[in-house]
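# Descriptive structure summary
Spelled out from the first residue to the last, the chains are:
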Amino acid sequence: HSADVSDDLRNSFGTLTRSTFTLFMAISGGEDWGQIYETLSPLGWSYRCLFLGYMFYAVFAFMNVITAVVVENMMEASKSDRQILVTGELKAKGAFLKNMERVFEAVDADGTGDITLDELQEHLQDTNTCAYFAALGVDAHQVSQLFSLLDEDQSGLVSREEFLKGCLNLRGDAKGIDI
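What this report covers is the structure whose coordinates are included nearby. (Residues numbered from 1 in each chain as written. Predicted model: local features only at pLDDT ≥ 70, side-chain atom pairs only at ≥ 80, totals over all residues. Heavy atoms only, no water.)

## Here we look at the overall build of the protein chain
What counts is decided by this rule: A run of DSSP states H or I qualifies as a helix once it reaches four residues; a run of E qualifies as a strand once it reaches two. Both are numbered from the N-terminal end. Values of the radius of gyration come from C-alpha atoms, whereas the globule rule sets the reference at 2.2 Å times the count of residues to the power 0.38. For every residue, the accessible area obtained with a 1.4 Å probe (protein chains only) is divided by the maximum for its type, and the residue is called buried under 20%, exposed over 50%, and partly exposed between those limits. Note on contacts: a residue pair qualifies if any of its non-hydrogen atoms lie within 4.5 Å across the two residues. For the area figures, the Shrake-Rupley method with a 1.4 Å probe applies, and any residue is considered shielded solely by the protein chains shown.
If you tally the helices and strands in the protein chain, you get eight helices and two strands. Along its sequence from the N terminus, the protein chain presents helices and strands in the succession α-α-α-α-β-α-α-α-β-α. Over its C-alpha atoms the protein chain spans a radius of gyration of 37 Å, topping by over 25% the 16 Å that the globule rule assigns to 179 residues. Dimensions of the protein chain along its principal axes, counting C-alpha atoms only, are 105 × 30 × 25 Å. For the protein chain, the residues scored as buried account for 24% of the 179 residues in total. When contacts within the protein chain are restricted to residue pairs at least 6 apart in sequence, long-range pairs at least 24 apart make up 54% of them. As presented, the protein chain carries roughly 12000 Å² of accessible surface, and 58% of it is formed by carbon and sulfur atoms.

Structure follows, in structure tokens:
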């Protein structure tokens, strides 16, 4: 029995290479670390405590560092994803505003820079203009309510800025006319 224990000890820790390999197997699951711990029992408690300290360090401290590196890399990737989303949203907003400027120019046929209720009513007969407002979720047939919503200062005229800002707001979460 004593010869078997010595053979196990020699096979696991007989050389520096075997010792390193045995310790690697203990932390990587190649061999159960409990069996390696028992193999050290003839050497006394100090070697077993040293082995337990190694296992504690390897499993908790070293693996914690590896986990931190992985989490940090994922956070960096997440920042990049957020930047891509923000850039995409800003491009979409810019394209939307350009389209709505074209609608404004079409509705403001007299070129005054302001839209009247009559001009809006006339152009909402056009299917393309109605389609833009339908895409916003606004019923373009409620022209007077739509005009009132866009005319922030209640001047009876909708300026380019009021029109663009109002359409951008309608494009958001509240996609209906709030009265």
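## A look at the packing of aromatic side chains
Heads up, the rule is: Working definition: a ring pair exists when centres of Phe, Tyr or Trp rings (six-membered ring for Trp) sit within 6.5 Å. Plane angles under 30 degrees give stacked, over 60 give edge-to-face, the rest tilted.
Under the criterion given, the structure shown has two aromatic pairs. The interplanar angle of 50 degrees and the centroid separation of 5.5 Å between the aromatic rings of Phe-104 and Phe-163 together place this pair among those described as tilted. Of the two residues, Phe-104 is situated in helix α4 (residues 45-107) and Phe-163 in helix α8 (residues 160-171); the sequence distance between them amounts to 59 residues. Given a relative accessible area of 1%, Phe-163 falls into the buried group.

## Some details on helix α7 (residues 143-150)
Applied cut-off: By construction, the arc corresponds to the directions joining the helix axis to the C-beta atoms.
Among the residues of α7, those classed as buried are Val-143, Leu-146, Phe-147 and Leu-150. All buried residues of α7 fall inside an arc of 100 degrees around its axis, so they share one side.

## Considering the side chain of Asp-108
We apply this condition: Here Asp and Glu are counted as negative and Lys and Arg as positive; His is not counted, and neither are the chain ends. Salt-bridge detection follows one rule: a side-chain nitrogen of Lys or Arg within 4 Å of a carboxyl oxygen of Asp or Glu. In protein, a polar contact requires one atom able to donate a hydrogen and another able to accept it; more generally it is a pair of N or O atoms within 3.5 Å, and residues adjacent in sequence count only if both atoms are side-chain atoms.
Among the structural elements, Asp-108 can be located in the loop between α4 and β1 (114-115). Buried charge without a salt bridge: Asp-108, with Arg-160 as the nearest opposite-charge side chain at an N-O distance of 5.6 Å. One polar contact links the side chain of Asp-108 to the main-chain amide nitrogen of Gly-113, over a distance of 2.7 Å. The contacts of Asp-108, once residues within four sequence positions are left out, are Gly-113, Asp-114, Ile-115 and Glu-119.

## A few points about the side chain of Thr-39
In this structure, Thr-39 sits in helix α3 (residues 33-39). Those residues in contact with Thr-39, other than ones at most four positions away along the chain, are Asp-8, Leu-9 and Ser-12.

## Regarding the nonpolar core
The tendency in soluble globular proteins is for nonpolar side chains to be buried as a group. Operational definition: We define the nonpolar core as a collection of buried residues of types Ala, Val, Leu, Ile, Met, Phe, Trp, Tyr and Cys that are connected through side-chain atoms lying within 4.5 Å of one another.
Counting residues in each nonpolar core, the largest one holds 19 residues, and the members touching the most others are Met-100, Leu-120 and Phe-163. When contributions to this core are tallied by element, the ones reaching two or more residues are α4, α6 (127-135), α7 and α8. Ranked by residues supplied to this core, first place goes to α4 with five residues. Apart from the residues within four sequence positions on either side, Leu-120 is in contact with Val-107, Ile-115, Val-143, Leu-146 and Phe-147. Ranked by size, the runner-up nonpolar core spans six residues in total, among them Ile-36, Leu-40, Phe-51 and Met-55.

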